[in-house]
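# Observations on chain architecture
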Amino acid sequence: FGLLAQSEQLDQAASAHGNYMSLNREFGHGEDPGKPGFTGATPLARVLAAGYAPRAVGEDLSTGGSFRGATAADAIRNLMAAPYHARSLLTGFREVGLAWNAVASLDTLVVDLGVPASSQLQSPQGVATFPCAGTTDAVARGGNESPSPFPSNPNAQWGQPITVTGPETLRITSASITGPSGPVMLLATYGSGATDDPNGTFTDGWFSIIPEVLQPSTSYAVAIDYTVAGTPGSARFSFATGPH
């Protein structure tokens, strides 16, 4: 998916928004100019205020988790287990800024992502997945995604989704996840040529394969068959969930 470079300006924007949320005990992307710590009503306004000149900007927020000792790395894992937030993080940004604040007694991560005005978004070569071969500490049980990938069941939970991207002609023809007890049920495969994403995010070469809740500290084998402009290909790899 490409590497991310740290940006001092994006760090500043993320830190400012983390401070705003902490001061006002609010969790969200917006800011009210009448409240303490205001630096910009939107993520774009805040990065501009920090001196960042963007071609594209994104912002993701996550708590570390409900277990004691959760870290900012756990917060990233939670985002990668939320289909639409994973799609955001993997979109092709080139720079990142991070902040870690206590918001209403929850440790909260702010991730500000950007592409400088002088650059273009990154694109992976070929077909890329997350998780991929050797990924560890994937989330066994996810949920609390907004918007929900299952609008008719906003309290739904699921295991680590497999995010897949490639050229716009990418089509997944089959997918399976297998654990020690056998095949894992897939709750949905969203993307072009598969099931229409109810929130319209997984299109144009982006897919989300969402399994049922997985077991912690367990290895899973993934098999994906696909075509790109009609030419067949496949991906085979294993990943492991973490203890939470």
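Structure report, in brief.

Parameters at a glance
Residues numbered from 1 in each chain as written. Predicted model: local features only at pLDDT ≥ 70, side-chain atom pairs only at ≥ 80, totals over all residues. Heavy atoms only, no water. Helix = DSSP H or I, 4+ residues; strand = E, 2+ residues; numbered from the N terminus. Buried < 20%, exposed > 50% of the residue type's maximum accessible area, 1.4 Å probe, protein only. Contact = heavy atoms within 4.5 Å. Pairing = 2+ DSSP bridges. Axes fitted to C-alpha atoms, helices over the stretch in contact; angles between N-to-C directions. Core = buried A, V, L, I, M, F, W, Y, C linked by side-chain atoms within 4.5 Å. Phe/Tyr/Trp six-rings, centres within 6.5 Å; stacked < 30°, edge-to-face > 60°. Lys NZ or Arg CZ within 6 Å of the ring centre and 35° of its normal.

### Section: the overall build of the chain
When helices and strands are tallied, the chain shows four helices and 12 strands. Dimensions along the principal axes, computed over C-alpha positions, put the chain at roughly 55 × 40 × 35 Å. Counting over 244 residues, the chain shows a buried share of 46%. Intrachain contacts of the chain at a sequence separation of at least 6 include 65% that bridge at least 24 residues.

### Notes on the environment of G34
The topology assignment puts G34 in the loop between α1 (8–24) and α2 (43–49). Given a relative accessible area of 69%, G34 falls into the exposed group. Taking the C-alpha atoms as reference points, G34 and Q160, 126 residues apart in sequence, are found 40 Å from one another.

### Description of the sheet that holds strand β4 (residues 106–116)
Ordered by their spatial adjacency, four strands build an open sheet running β1-β3-β4-β2, and the pairing between neighbours is mixed. Strand pairing shows two members of the sheet lacking a second neighbour, β1 (5–6) and β2 (54–63), which therefore form its edges. Both strand β3 (residues 95–103) and β4 contribute to a ladder of nine bridges, which runs antiparallel. Paired with V96 across the two strands is L113, which belongs to β4. Set on the sheet, α1 makes contact with β1, β2, β3 and β4; between it and β3 the angle comes to about 20°. Packing of helix α3 (residues 72–80) onto the sheet brings it into contact with β2, β3 and β4, and relative to β2 it is tilted by some 110°.

### Quick word on the nonpolar core
Of all hydrophobic cores here, the largest spans 21 residues; its most connected members are L89, V111, L113, F150 and Y190. Secondary-structure elements contributing two or more residues to this core are α3, α4 (83–89), β4, β9 (186–190) and β10 (206–211). Take this core: its biggest share by element is four residues, from β4. Among all residues touching Y190, those that are not within four sequence positions of it are Y84, P149, F150, T195, D196, D197, P198, F202, W206, F207, S208 and I210. The next biggest cluster of nonpolar side chains, apart from the first, holds 18 residues, and it includes V164, V184, Y226 and F239.

### Thoughts on the side chain of R46
Position of R46 among the secondary structure elements: in helix α2. For R46, a relative accessible area of 2% puts it in the buried group. Residues in contact with R46, not counting those within four places in the same chain, are A13, H17, H29, G30, E31, T39, G40, A41 and E59.

### Overview of the packing of aromatic side chains
For the structure on display, the rule yields four aromatic pairs. An angle of 45° between the planes, with centres 6.3 Å apart, marks the rings of F150 and Y190 as tilted. Placement of the pair is F150 in the loop between β5 (128–130) and β6 (162–165) and Y190 in strand β9, with a sequence separation of 40 residues. Given the relative accessible area of 7%, Y190 is considered buried. Here a set of aromatic residues connected by ring pairs shows up, and it is made of F150, W158 and Y190. Cation over ring: R87 sits above W206, and NZ or CZ is 4.1 Å from the ring centre.

### Some remarks on the pairing of β4
Among the 11 residues in β4, nine count as buried, and that is most of the element. Summarising the sheet, β2 and β4 pair through nine bridges and their orientation is antiparallel. Of the residues in β4, the one forming a bridge with T63 is T108. Hairpin connection, β3 to β4: the antiparallel pair is bridged by two residues, and A104 has positive phi, about 50°.

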